[in-house]
Structure formats: C-alpha cells, structure tokens
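Observations on chain architecture
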Amino acid sequence: MSAGRVKGAMVALAAVGMLRILWLHFVSEPRNEARRTPIDDRYAAVRALIPAGEAGYVSDLPAATRLGQDPATPGTRMYLQAQYVLAPVVLRYDDARAPLVIVNLHDPSRLPDILQQRGLELVAQVETGLAVARPR
Amino acid sequence: MSILALVLSGAGLVAAGMRDRASDGIERGFRAAMAIALGIGAWAASYAAWRMAFGTPGAAKDVLLAVAGAAALAAFRRRQPASPQAREPAPRWLYVVFAAACAVAAAAFIEHTVRFPDGGWDAWMIWNLRARFLARTADLRSAFSPAMAFLAHQDYPWLLPAAVAQAFSIFGESRIVPAAIAVIFGALAIAVVTLGVARAQGARWGLLGGLAVVTLPCFATFASNQQSDVPLAVYFAIAAGLMTSAKSRSELALAGFSAGLGMWTKNEGALYAACLGIAWIWRTRDLRGAVAFAVGTLPCAALLAWFKLGLAPPNDLTAFSTRATIVENALDWHRWAELLVLTARRVVYFQDFGLWVLAAMLLLWFLRKSPGSVLGTAVLLAVAAYGPIYALQPHRLDWIFRTSADRILTQLWPVAVLATMPALARTTART
C-alpha cells in the first residue's frame, strides 16, 4: 500500500460519508420525518397540579414494563414522555389507587370509559386526552 | 465558580499526569481537549459523590474542586519541556477537506437538534430524565426509584445527567443546555482523535483519522441525540490515546482516570476499562503500568460501586435473567447464528456507517499478520465480549441488537481509528 493510495481511499470514504450525511439530514429526513414538537408542550400544565411525590398513571394504550413486551409502542412512548416532563414526580404505571392519577389517552373520547372502569373521578382536564383524576 | 472548577480541575489533572511541558501546538491542543473532557468528568463525578454523601452541593463543592485543581497546577508547574518532535505536515487541501467535513457534521447536528428538540429516544427516556430529577429535587432516591418502568434504566451511571443537571442550575432548565453539552462532547471526540493521532504520526494522519470519525454518517446524529455514547467514546479515546504514548506511570494513571470516567458514563465503560487493562498486560507485560492504570480508575470505580450497591436497582439484563435462561440462551445455536448474521449485515449498514466499517474489516484482514497493539487488542476484546453479552442477555436478540449495535460502534469507533492509524502509517512507510 502506498501512502498516496491510502490517503486517496480515506478521502473517498470521507466523501461518501459526507454525501450520506447530507442526503439523510437535508433530503430524506425533511421529506419523511416530521419535526417533533417539544415533549413539554403537552404535559407541562400537569406539573403545576402534581409538583412532587408519586402519582398513578393509567392509559388506553399499554406500556412495556416487563420482559418480552415491545418497548417501541406508542403506549410506552406516552408513559415515558409523561415521566420525562413530570419528574421529579414518580409515575406508578397502571396504579389507579394513588391519591392523584394521570390519565393519558391516545383516544380522547375514551376518557369517561376509563374513568368509570378504573373507579376514578376527574380533577382537571389539562389537554385533549390528558387529565388528572383521583380515586372515587 | 462552576466553570472555574471545571477548567482548573481538568488542567490540574493533566498537569499532574503529564510530567513534561507540551512542546508544540498539536500537543497543547491535545492536552487542552483532555483538560476540558476530564474537567467536565471530574465536575460531574464530584457532584455525584457529594450528593450521595451529603445531599445537594452548594458552592463549597466547586470551591474545593477549583482549589484542588489550582494546587495541582502549582505543584506540577516546573516541568521540563518535552523534546520537540519532527512531525509529518499535512497538505493544505487536506485541511480544507477536514474543515468541510466538520462543517457538514455541524450542519447535520443543528438540523437533527431542530428536528428532534428533546434529543434521541434515550436522551429523554434516560439521560435528561435523570438530569431533571437531579435538578428538580433534593430527594436522590426518587431519581432511581424502581417504581418507574425499567426502560428508564435507573441503574445507569450518571456522569452526563450530573453535568446537565449542574448546567441547568447555572443557566436554567432549557433544551439548549443538553444540546450545548452534546456539542462539546462531539467536538471533543473529533479533537481527541485528530490531535491524538497527529501527536504521534503527524498532521496528515491526524486529519485522516479525524475524517474517519467526523464523516461516519451516524456520528453527527448520535452526537446530537444527547445520549451518553459520544461522551463514553471521548473518555475511552483519551484513555487509549494516553496509553499508546505513555512515558510515565503518571500518564497511565491519568489514562486510568479517564477510563474510570467512562465507567461512570455508561455501564459499557467498565468493559472498555477492563479491555484496556487486559490488553496492556497482554501486549506489554508491564504489570506496574497496569497497576498505575488500575489505580487511576479507582475514584470512579469506587463511585460506581457506591452507587450500584447503595442506590441503583438491579440492571434489567440481570434482573430478567435466571440461570436457566442463561444456559438456555448459551446452548441455543440459532441465537448464535442469528447474532452472526445480524453482525455481518451491520458491517455493510450503509445508512449509519457509510463504507467505513466495511473498509475497516478489509484493512483488518490486510493487516492480520502485523504485530498486535494494545489498542487493537483492546478493541477486539471488547467486540469479542459483546458476543456472549448479546447471546446470553434475556431480551429478544433482533430488538436489542437493532437498538444498540450502532451506539456500541459509535463508542468504539474513535479508539478503533486510534488503533488503526499507526499501523497504516507504518505499513505505508515501508512501501
């Protein structure tokens, strides 16, 4: 191997890498990946209602909490995003008996059903599909 | 005071570890990059130790850190200058290519940060979640509460969250803070490799090494994801760079300290520190040097043990494993075959690696009869260790491989480049 060839090969590899980066970030992603809204936007108002401690969390979509469950589901994302915004409140997944319970719904029309099924009463509706409730 | 503590502690560590004075700009640049990285690490690790021992630190922690750094600088100020080295310069056009590559990576970083304002999935699920807990409450246990889902990975070490949490307390809780820290670590990764290769092989090889990092297609993405992979890569690369050029035990101890910061950044850091130590003994037979390296890792190893034994819930890989599942997975040849296929496919995964990893595999074959080096051995040991880790862990293999392989490559890639460039330089010098 000559130094010139190695240098040429590495610069060629770098050029391929640069083109790939440019394609992904400035052609492919703008076409195929919508810009995300900040996670805080949906959940921030709940923070004022539950500033610290623990709270229950219920949803109409399941989240992965055990081995073998798919961690990439929308239900898992919703639970973890709520936890991210509400920290330092610890959200107890599927606990409807906590003094305050976050109700986080993919289908907002299911709020009355979920409240009834889980024996909850509404404290505040914060966003579409997002409410704070307490045990009846 | 925090910035002063960070700068002085980093500079003090470098002064204590490197017993001669930098002889030229490349060496000064490498040491400056090291000082910033080690300073951030010391600042974050001391925060964790203080919180676990006494609660939320006030200004006293940073005053002590700054004083310790200043004392080290004063104690080691009378150093002999290193003898200047004649290094191969780089052509001007290569500087232009390198600058263009950095500009492309910077643009990609900005685009990705704007598109994903909370960083990658793991950033908000683990790292910045933990930073928010640390910044928002004095109750340390809630940050690691087992009541949260295991995907929050409460057992992970917290160098990055501690750095972000402290920066939140200085600058306010803004999304710019973790993004800015991600920029710093991304730039440090490029600087450590470029300057680390250049100080040994000259600017031409240094710039080529830097190109190999900055044009790895997934590098800019992972840097902007605000996760711990790039910081871990930085600490692993500093340790590796110091080990290849160490002229004294104090440099090996400094390498150990950096490897220890890697251990405090991510669980994989312990594996990489062990691989560096084993490779050192294997290739040099220098047990005293290995002891110096191990002594350097001790502060962060002790911090990690303190956290794991006192605060952290069990790791999901161990919590969900039983002796029966481990034996079953070990004897399942389908699982090993699947792992081989997944690995082979990943080598040619153009989307994330371009052609770099394929080229590295070809080069490995070409250089297979070259004498083994400490860094090459360490990287190969780490790669080999991932075989049983992947095969024996309890999750679905395709899922965990898909979600982790690129991050592991990002952690290892800078050290793989540091390991490869001297061999390339030697080979081309002979022809």
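Preceding block: the structure.
This section reports on the structure supplied with the text. Keep in mind that what you see is a predicted model, and the values were worked out from it rather than measured.

Analysis parameters
- Residues numbered from 1 in each chain as written.
- Chains lettered and ligands numbered in written order.
- Predicted model: local features only at pLDDT ≥ 70, side-chain atom pairs only at ≥ 80, totals over all residues.
- Heavy atoms only, no water.
- Helix = DSSP H or I, 4+ residues; strand = E, 2+ residues; numbered from the N terminus.
- Rg over C-alpha atoms; globule rule 2.2 N^0.38 Å.
- Buried < 20%, exposed > 50% of the residue type's maximum accessible area, 1.4 Å probe, protein only.
- Contact = heavy atoms within 4.5 Å.
- Areas by Shrake-Rupley, 256 points an atom, 1.4 Å probe, with all protein chains shown as cover.
- Lys, Arg positive; Asp, Glu negative; His and termini not counted.
- Charge placed at Lys NZ, Arg CZ, Asp CG, Glu CD.
- Core = buried A, V, L, I, M, F, W, Y, C linked by side-chain atoms within 4.5 Å.
- Disulfide = S-S within 2.5 Å.
- Buried area = accessible area lost by both parts, 1.4 Å probe.
- Salt bridge = Lys/Arg side-chain N within 4 Å of Asp/Glu carboxyl O.
- Polar contact = N/O pair within 3.5 Å; in protein donor to acceptor, adjacent residues only side chain to side chain.

**Quick word on the overall build of chain B**
Looking only at helices and strands, chain B has 21 helices and 2 strands in total. A globule of 431 residues ought to have a C-alpha radius of gyration of about 22 Å, and chain B, at 21 Å, matches this closely. The C-alpha extent of chain B, read off along each of the three principal axes, is 60 × 55 × 45 Å. Looking at the 431 residues of chain B, the share that counts as buried comes to 59%. A sequence separation of at least 24 residues applies to 82% of the contacts in chain B between residues at least 6 apart. Surface summary for chain B: the accessible area is close to 17200 Å², and the carbon and sulfur share equals 68%.

**Looking at the overall build of chain A**
Assigned secondary structure in chain A consists of 4 helices and 5 strands. Ordered by position in the sequence, the α and β elements of chain A form the string α-α-β-α-β-β-α-β-β. For 136 residues, the compact-globule estimate of 2.2 N^0.38 gives 14 Å, and chain A exceeds it by more than 25% at 23 Å. Its C-alpha atoms put chain A at 80 × 30 × 25 Å along the principal axes. Approximately 6600 Å² of chain A is accessible, and the part contributed by carbon and sulfur atoms is 54%. Charged side chains of chain A number 16 positive and 13 negative; the gap between the two group centres comes to 8 Å.

**Overview of the nonpolar core**
Within the largest apolar cluster, 176 residues are counted, with the highest numbers of intra-cluster contacts made by Trp158(B), Phe185(B), Trp264(B) and Trp413(B). Beyond its immediate stretch of four places on either side in the chain, Trp158(B) contacts Tyr47(B), Ala48(B), Arg51(B), Met52(B), Leu134(B), Leu140(B), Phe144(B), Trp264(B) and Phe307(B). Counting 11 residues, the second-largest nonpolar core is a separate cluster that includes Val58(A), Ala96(A), Ile114(A) and Ala133(A).

**A short note on the state of the cysteines**
Residue and element names in this part refer to chain B. In total, this model carries 0 disulfides over all chains according to the counting rule given. Counting only cysteine sulfurs, Cys102 is the nearest neighbor of Cys218, a cysteine outside any disulfide, at a range of 16 Å. Residue Cys218 is classed as buried on the basis of its relative accessible area of 1%. Among the cysteines around Cys275, which has no disulfide bond, Cys300 carries the closest sulfur, lying 18 Å off.

**Side note on the interface of chain B and chain A**
Contacts between chain B and chain A engage 58 residues on the former and 51 residues on the latter. Summing both sides of the interface, chain B and chain A together bury roughly 5000 Å²; the carbon and sulfur share of this comes to 73%. Its largest share of buried area at the contact with chain A, chain B owes to Arg115(B), Trp124(B) and Arg136(B), together 14% of the area lost on that side. Counting across the interface, chain B meets chain A through 3 salt bridges. We note a salt bridge from Asp40(A) to Arg132(B), for which the minimum N-O separation is 2.8 Å. Put simply, chain B and chain A have 14 residue pairs in polar contact (both at pLDDT 80 or more) between them. Secondary-structure elements contributing two or more residues to the side of chain B that touches chain A are helix 4 (92–115), helix 5 (121–136), helix 9 (203–214), helix 10 (217–224), helix 18 (350–353), helix 19 (356–366) and helix 21 (397–430) of chain B. Considering every element that reaches the side of chain B that touches chain A, the biggest residue donor is helix 4 of chain B, with 12 residues.

**Examining the side chain of Asn104(A)**
All names here are of chain A. For Asn104, the position within the fold is in strand 3 (residues 101–104). For Asn104, a relative accessible area of 0% translates into the label buried. A polar side-chain atom of Asn104 sits 2.8 Å from a polar atom in the side chain of Arg42. Once residues within four sequence positions are removed from consideration, Asn104 is found in contact with Arg42, Tyr43, Tyr57, Val58, Ser59, Asp60, Met78, Ala82, Gly129 and Leu130.

Spatial relationships are all this shows, so hold off on functional conclusions.
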